[in-house]
Amino acid sequence: MRERHERLWDGGYPAASWPRRTDKRSGGSVETVRAYHGPAVGARDQRVRLAAFDFLDRQRQVHGDTLRRDVLAAGFDFEGTRVPLLGPQGIFKPAICELPLSITTVPPIEGRPRPYEDEVDPATGLLRYRYRGSDQDHRDNTGLRDAMRQQVPLVYFHGIVPGRYMASWPVFIVGDDPTTLTFTVAVDDRQLAMSPATHEPEPEPETDIRRRYITRQVRQRLHQQAFRERVLDAYRQHCAICRLRHQELLEAAHIVADSDPEGEPKVTNGLALCKLHHAAFDCHILGVRPDYVVEVRGDVLEEIDGPMLKHGLQGFHGQPMLLPTREVLQPDRRCLEQRYELFRRASSNA
Ligand SMILES: [Zn+2]
């Protein structure tokens, strides 16, 4: 039997009814959202949350998908009170709010596992978020648990590179597993999640399907963005072939096809290339040997044309490519070998 959605998010804000999960699949030690009988968060907390979403909407319009930590830590002004969006810990509750407002994952350090690894729940594709420490009753953890029971929307900040984050909102805590010390997090659509209270609440499975779908899209976007930012960072914003430094003209190229387009991106399977050299690399006009030397396809080397061909392509034949200073970020030689083999075949057919 399906419970009707209760109005838990209606204090003082127009037409806001947040669908909540009344999951009946709970088994084992995993707690999913159950009916909530305590007081819901107050009107001010709700308004702060919505103001935070508006602030993030504006930031995204100005700065794009990746936001700087100092901007997020400075936050915004709410009726004379400054509201930061994140703090030193992963689970963050600004003083003005009753429950946590955001959860943050730290950027990975290449070659080391994340301290708070954000994983994916293989069964649902939803995100998993580690407890703070191992005490399930730590106030940060109980805060998130309350946010789950009340289905209060939060912001999820995903660390891309040190100091830069990708934000997703609204997200909901939809599961809690004390045995693995993790919460399950679903991303939702702002308009749909906050549909008018006068509408017939949508059936529970629809919310579930929609959240899984949106969470999956968000994971793919996170992956692409993280790959680009980390690869460009590794090459200190230079093209690996020509050293060009114009960020607007730089791209992150995959050496071999991405085996896990939603997982943790691998910098060692990437090259920072300008648009010309990315295109030339993709159509095998240009190849990189496993010993990091650039080669230009034979027929292109023999062509005679203007300065662009001469200096932009032919001139790099036999030159070493630019490498990231840190060895753990340098291209994987096995990936380069695989890719060079394709270039070699293309060369012999040209
Ligand atoms: Zn270039």
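Heads up: the structure comes first, above all this text.
What counts, and at which threshold
- Residues numbered from 1 in each chain as written.
- Predicted model: local features only at pLDDT ≥ 70, side-chain atom pairs only at ≥ 80, totals over all residues.
- Helix = DSSP H or I, 4+ residues; strand = E, 2+ residues; numbered from the N terminus.
- Contact = placed C-beta atoms within 7 Å.
- Buried ≥ 20, exposed ≤ 12 C-beta atoms within 10 Å, placed from the backbone.
- Pairing = 2+ DSSP bridges.
- Expected span 1.5 Å × (residues − 1).
- Arc of directions from axis to C-beta.
- Core = buried A, V, L, I, M, F, W, Y, C linked by C-beta atoms within 7 Å.
- Domains from an automatic or database assignment.

Chemist: Where do I start with the overall build of the chain in this structure?
Modeler: Along its length, the chain carries 9 helices and 15 strands. When contacts within the chain are restricted to residue pairs at least 6 apart in sequence, those whose partners lie at least 24 apart make up 64%.

Chemist: Teacher, can you tell me more about the environment of Arg-210 here?
Modeler: Counting through the fold element by element, Arg-210 comes out in helix 5 (residues 204-234). C-beta crowding within 10 Å serves as the criterion here: with 18 such atoms nearby, Arg-210 is assigned to the partly exposed category. In this structure, the C-alpha to C-alpha distance between Arg-210 and Ala-186, residues 24 residues apart in sequence, is 9.6 Å.

Chemist: What exactly am I supposed to notice about the pairing of strand 6 (residues 102-105) here?
Modeler: Because side chains alternate across strand 6, one face comprises the buried residues Ser-102 and Thr-104, and the other comprises Ile-103 and Thr-105, equally buried. In this sheet, strand 6 lies alongside strand 5 (residues 91-92) in antiparallel orientation, the contact comprising 2 bridges. Each bridged residue has a counterpart across the sheet, and for Ile-91 the counterpart in strand 6 is Ile-103. Where strand 6 lies against strand 9 (residues 154-161), 4 bridges are found, and the strand directions are parallel. Each residue of the ladder has a partner; that of Ser-102, found in strand 9, is Val-155.

Chemist: Is there a simple way to explain helix 1 (residues 43-63) in this structure?
Modeler: Helical periodicity: at 3.6 residues per turn, an α-helix aligns residues three or four positions apart in one direction. Counted at 1.5 Å a residue, the expected span for helix 1 with its 21 residues is 30 Å, and the 30 Å between its end C-alpha atoms agrees. Taken as a whole, helix 1 has its buried residues at Gln-46, Val-48, Arg-49, Ala-52 and Leu-56. All buried residues of helix 1 lie within an arc of 160 degrees about the axis, which places them on one face of the element. Residues of helix 1 that are exposed and point more than 90 degrees away from the buried face comprise Asp-54, Asp-57, Arg-58, Gln-61 and Val-62. In this fold, the buried residues of helix 1 make contact with strand 3 (76-78), strand 4 (81-83), strand 9 and strand 10 (164-177). With its phi angle positive at about 85 degrees, Gly-64 sits one or two positions after the end of helix 1.

Chemist: It is not clear to me how helix 3 (residues 139-150) should be interpreted in this structure. Could you clarify?
Modeler: With 12 residues, helix 3 extends 16 Å from end C-alpha to end C-alpha; this agrees with the ideal 16 Å at 1.5 Å per step. For helix 3, the set of buried residues is Asn-141, Gly-143, Leu-144, Arg-145, Ala-147, Met-148, Arg-149 and Gln-150. Its buried side turned inward, helix 3 meets strand 5, strand 9, strand 10 and strand 11 (182-187). Phi turns positive one or two residues past the end of helix 3, at Gln-151, with a value near 50 degrees.

Chemist: Looking at this structure, I do not really get the nonpolar core. What am I missing?
Modeler: The nonpolar side chains of a soluble globular protein tend to be buried, and buried together. Ranked by internal contacts, the top residues of the largest apolar core, which has 67 residues, are Val-155, Val-171, Val-185 and Ala-272. It is strand 10 that contributes the most residues to this core, 8 residues altogether. Per-domain counts for this core show at least three residues from each of domain 1 (2-229) and domain 2 (237-349). Excluding residues that lie within four positions of it along the chain, Ala-272 makes contacts with Val-231, Leu-232, Tyr-235, His-238, Cys-239, Ala-240, Leu-250 and Ala-252.

Chemist: What should I look at first to understand unusual backbone geometry in this one?
Modeler: A negative phi angle characterises most non-glycine residues, just as the trans form characterises most peptide bonds. In this chain, Trp-169 is followed by Pro-170 through a cis amide linkage whose omega measures -10 degrees. Following the sequence through the fold, Pro-170 ends up in strand 10. Notably, Glu-79 is not glycine yet its phi reads approximately 50 degrees, a positive angle. Position of Glu-79 among the secondary structure elements: in the loop between strand 3 and strand 4. Residue classification places Glu-79 among the exposed residues on the basis of 10 C-beta atoms within 10 Å. Look at Gln-237: it is not a glycine, yet its phi comes out positive at around 60 degrees. Mapping Gln-237 onto the fold places it in the loop between helix 5 and strand 12 (250-254).

Chemist: Mind showing me how you'd approach the pairing of strand 11 here?
Modeler: Across the 6 residues that make up strand 11, a large majority, 6, are buried. Neither face of strand 11 is left uncovered, since the one carrying Thr-182, Thr-184 and Ala-186 and the one carrying Phe-183, Val-185 and Val-187 both have all their residues buried. Of the pairings in the sheet, the one linking strand 8 (residues 127-130) to strand 11 comprises 4 bridges and is antiparallel in character. Bridge pairing in strand 11 links Arg-128 to Thr-184. Where strand 10 and strand 11 come together, 6 bridges link them in antiparallel fashion. By the bridge assignment, Asp-176 is partnered in strand 11 with Phe-183. The antiparallel pairing of strand 10 with strand 11 creates a hairpin that spans 4 residues between the two strands, and Leu-181 there sits at a positive phi of about 55 degrees.

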